[in-house]
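Structural description and commentary
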Amino acid sequence: MLGLAATGCASNELTRLGMPEPITEQAERVLSLWQGSWVAAFAVGILVWGLFIWTILFHRKRSEQLPPQVRYNMPIEALYTVLPIVIISVLFFFTARDQAYLLDTEEPADIHVEVVAFQWAWQFNYMDDTKENGGEVLYSEVGTPNPDGTADRSTQPTLVLPENSVVHFDLHSPDVIHSFWIPAFGFKMDVVPGRDNAFQVNLNEGTADTYVGRCAELCGVDHTRMLFNVEVLPEAEFEAWAAEQEQAAAEDQAAEDAAAEELGEDTDDAEGTGADGTGDQGTGAEATEENDD
Ligand SMILES: [Cu+2]
């Protein structure tokens, strides 16, 4: 009762049993698997507690005589074996069914994001329509690790997504194993070097809001810095944001090309300027240096 009163929780917070509010169709599935597992656990628990209480209340020691024993009683022994197998089979069925659903990437996606997890931040590359890896990067959102390791949301990278859409994630890591976790997705997947892990989500309508994202695999000394923001925007707002990003990326590219052309004319300059790695590469280099330290 105290728990109920203290949380003062709205609507379904209690029935979610600690899971965050789901924002994707997949997260809803995870939530119902979670709830179903608890129903099964409670059913077993209530039966076992009930037997305990019944035994304690009604079968107290009354005399020195041994009560009737049920060891080697075949029907009861068979029940002890069959019942757990039935329970496990039912749990296994739903788990296998939902796992297949969660890992399904067949549906054509609206947005393709390549997630690069590195020690100790994130890079989100928005890819063109090609589903396979190797599609062209349209624009990127690059994070820099917080210098003092504190959780300062303003310096963390932001993954921007449109609501009411199918989003495909390709997960890559250049260094060690990380884990891409957005709690509101009810799901996380390891980011493994040399492996193409992928999953996709169907973001629900009316989910425009900000959420948190984390690395869920202890990946090194500054693992705690690997936080990111997730911003789900209404579709129109996302389109505007995406167009802006693409424009900015095109301008950057044009400026880079112009600089390269200038350098091409004067080889002496080329060496001088090439040394200070700027932009994305700069960040990557920093991360590697820290790693070496
Ligand atoms: Cu990590």
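First, a word on what this report is: a plain description of the structure on this page. This one's a predicted model, so the numbers in the text were calculated from it and none came from an experiment.

What about the sheet that holds strand β3 (residues 137-142)?
Strand order in the open sheet formed by 5 strands is β3-β2-β1-β5-β8, and the pairing between neighbours is mixed. The open sheet has two edge strands with one neighbour each: β3 and β8 (197-202). For this sheet, the mean inter-axis angle between neighbouring strands, taken without regard to orientation, is 25°. Taken together, the 6 bridges between strand β5 (residues 166-172) and β8 define a ladder with antiparallel strand orientation. Among the inter-strand pairings, F169 is bridged to a residue of β8, identified as F199.

A look at the sheet that holds strand β4 (residues 158-162)
Taken in spatial order, the 5 strands line up as β4-β10-β9-β6-β7 in an open sheet, and their pairing is mixed. For this open sheet the edge positions go to β4 and β7 (187-191), each flanked by a neighbour on one side alone. Strand-to-strand twist of the sheet, defined as the mean angle between neighbouring strand axes without regard to direction, takes the value 25°. Here strand β9 (residues 209-215) runs beside strand β10 (residues 227-233); their pairing, made up of 6 bridges, is antiparallel. Across the sheet, residue Y211 finds its bridge partner in β10, namely V230.

Regarding the pairing of strand β1 (residues 111-118)
Counting buried residues in β1 gives 7 out of 8 residues, a clear majority hidden from the surface. Direction of pairing for β1 relative to strand β2 (residues 121-127): antiparallel, over a ladder of 7 bridges. The residue bridging V113 from the neighbouring strand is Y126, located in β2. If you look at the hairpin formed by β1 and β2, you'll find 2 residues sitting between the two strands.

Reading the values: rules and limits
- Residues numbered from 1 in each chain as written.
- Predicted model: local features only at pLDDT ≥ 70, side-chain atom pairs only at ≥ 80, totals over all residues.
- Pairing = 2+ DSSP bridges.
- Helix = DSSP H or I, 4+ residues; strand = E, 2+ residues; numbered from the N terminus.
- Axes fitted to C-alpha atoms, helices over the stretch in contact; angles between N-to-C directions.
- Buried ≥ 20, exposed ≤ 12 C-beta atoms within 10 Å, placed from the backbone.

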